[in-house]
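# Structural features, examined
Residues per chain are reported as follows:
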Amino acid sequence: MTLIYTTEIKCVSVPLGDMFKKYYDPERFLSYCKECPSYGRVWSCPPGVPLTTEYLKGYNTIHLVAVKVIYDDETLKKAQSLQPDELDKLMGDSYGKVKEAMRETLLAIRNRTEPSIAIAAGECKICETCARVENQPCRFPERLLYSFSALGFDLAKVSSDILGIPILWENKGLPKYIVALAALVTK
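Everything numeric here is computed off the predicted structure, so don't read it as measured data.

Evaluated as defined, the whole model comprises seven salt bridges. Here arginine 28 and aspartate 154 are joined by a salt bridge, their closest N and O atoms 3.2 Å apart. Placement of the pair is arginine 28 in helix H2 (residues 26-35) and aspartate 154 in the loop between strand E4 (146-147) and helix H6 (155-162), with a sequence separation of 126 residues. With a shortest N-O distance of 4.0 Å, lysine 125 and glutamate 123 are connected by a salt bridge. Relative accessible area serves as the criterion here: at 61%, lysine 125 is assigned to the exposed category. Exposure remark for glutamate 123: the relative accessible area of 26% places this residue in the partly exposed category.

A few words now on the layout of surface pockets. In this structure, the largest pocket encloses a volume near 1400 Å³. Here the element with the most residues in the lining of the largest pocket is helix H5 (residues 84-112); it accounts for nine residues. Classifying every residue of the lining of the largest pocket by side-chain character gives 29 nonpolar, seven polar and eight charged.

So, about the sheet that holds strand E1 (residues 5-15). Here five strands make up an open sheet; going across it, the order is E1-E2-E5-E3-E4 and the pairing mixed. Strands at the two margins of the open sheet, each flanked by one partner only, are E1 and E4. Here two bridges tie strand E3 (residues 116-120) to E4, and the two strands are oriented parallel to one another. Along E4, the bridge assignment pairs isoleucine 119 with tyrosine 146. Taken strand by strand, H6 contacts E1, strand E2 (61-71) and strand E5 (177-186), and its axis lies near 90° from that of E5.

Right, let's talk about the packing of aromatic side chains for a bit. Overall, the coordinates contain six aromatic pairs when judged by the stated rule. Here the aromatic rings of phenylalanine 29 and tyrosine 32 are separated by 5.3 Å at their centres, their planes lie at 85°, and the arrangement is edge-to-face. Here tyrosine 32 and phenylalanine 29 lie together in helix H2, a separation of three residues that amounts to about one turn. By relative accessible area, phenylalanine 29 is classed as buried at 6%. Plain terms: the ring middles of tyrosine 55 and tyrosine 146 are 5.4 Å apart, the flat faces sit at 85° to each other, and that makes the pair edge-to-face. Pair noted here: tyrosine 55 is in helix H3 (residues 52-55) and tyrosine 146 is in strand E4, with a separation of 91 residues, a long-range link. Residue class for tyrosine 55 comes out partly exposed when judged on its relative accessible area of 24%. Members of the aromatic cluster, joined through ring pairs, are Phe20, Tyr24 and Phe153. The side chain of lysine 68 reaches across the aromatic face of tyrosine 177, ending 4.3 Å from its centre. Its guanidinium or amino end placed over the ring of tryptophan 43, arginine 132 lies 4.6 Å from that ring's centre, counting from NZ or CZ.

It is worth spelling out the environment of leucine 64 at this point. If you trace the backbone, leucine 64 turns up in strand E2. Given the relative accessible area of 2%, leucine 64 is considered buried. Sequence separation of leucine 64 and leucine 30 is 34 residues, and the distance between their C-alpha atoms is 22 Å. Apart from residues no more than four positions distant in its own chain, leucine 64 is found in contact with Lys10, Cys11, Val12, Val14, Phe148, Val158, Ile162, Leu163, Ala182 and Ala183.

Another aspect to go through is the packing of helix H1 (residues 16-23) against H6. With their axes 11 Å apart at the nearest point, H1 and H6 run at an angle of 120° to one another. Accordingly, the angle class assigned to the pair H1 and H6 is oblique. Regarding H1 and H6, the two cross each other, and that crossing is right-handed. For the pair H1 and H6, the contacting residues are Met19, Lys22 and Tyr23 in the first and Lys157, Val158, Asp161 and Ile162 in the second. Among the residues making up the contact of H1 with H6, the classes are represented as four nonpolar, no polar and three charged.

Cut-offs used in this document
Residues numbered from 1 in each chain as written. Predicted model: local features only at pLDDT ≥ 70, side-chain atom pairs only at ≥ 80, totals over all residues. Heavy atoms only, no water. Salt bridge = Lys/Arg side-chain N within 4 Å of Asp/Glu carboxyl O. Helix = DSSP H or I, 4+ residues; strand = E, 2+ residues; numbered from the N terminus. Buried < 20%, exposed > 50% of the residue type's maximum accessible area, 1.4 Å probe, protein only. 1 Å grid on protein atoms, 1.4 Å probe; cavity = no way out; pocket = protein on both sides within 12 Å on 5 of 7 lines; lining within 4 Å. Points joined across faces, edges and corners; volume = space filled by probe spheres on them. Nonpolar A, V, L, I, M, F, W, Y, C, P; charged D, E, K, R; others polar. Pairing = 2+ DSSP bridges. Contact = heavy atoms within 4.5 Å. Axes fitted to C-alpha atoms, helices over the stretch in contact; angles between N-to-C directions. Phe/Tyr/Trp six-rings, centres within 6.5 Å; stacked < 30°, edge-to-face > 60°. Lys NZ or Arg CZ within 6 Å of the ring centre and 35° of its normal. Parallel < 35°, antiparallel > 145°, perpendicular 65-115°, else oblique. Left-handed = near helix turned anticlockwise from the far one by under 90°.

As structure tokens, this is what we get:
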């Protein structure tokens, strides 16, 4: 299947205090995390992530980055008939690649912007199997990024309210677009 998609990028900086006031709900998101198959299986996810208020203490600005992966009509139509493994591959070849490129760019910026902290959406996928499953420390701690949800932030509301990009869901196939979100937190 020929995969056709385009991307749009949007960046917005907001005071970190606003994020805590309007979008921070750690108890709610920890309960969601507990339902995820990655709970306790990857170092970027709970339990064991730092307490967000301590982790981000002293930082005052969050620079949000959204990359919208927009699928063409033909791809959307073909996706309707794909088996789950084929759909996973399609998403990996589009959204997954965009998300990985975004992660690498964010890490590069973080490494040049001291002090700063990078945050990603979703679990870490650097290793095929996380060392946490084997009760070992992270193999790449300098590359580990905690997820928004693991830190207790409502990513869907952040995307909609701040970035103006509602998160779309689809029961079968693909939504018109998927959003990859990340952030850099600075002092």
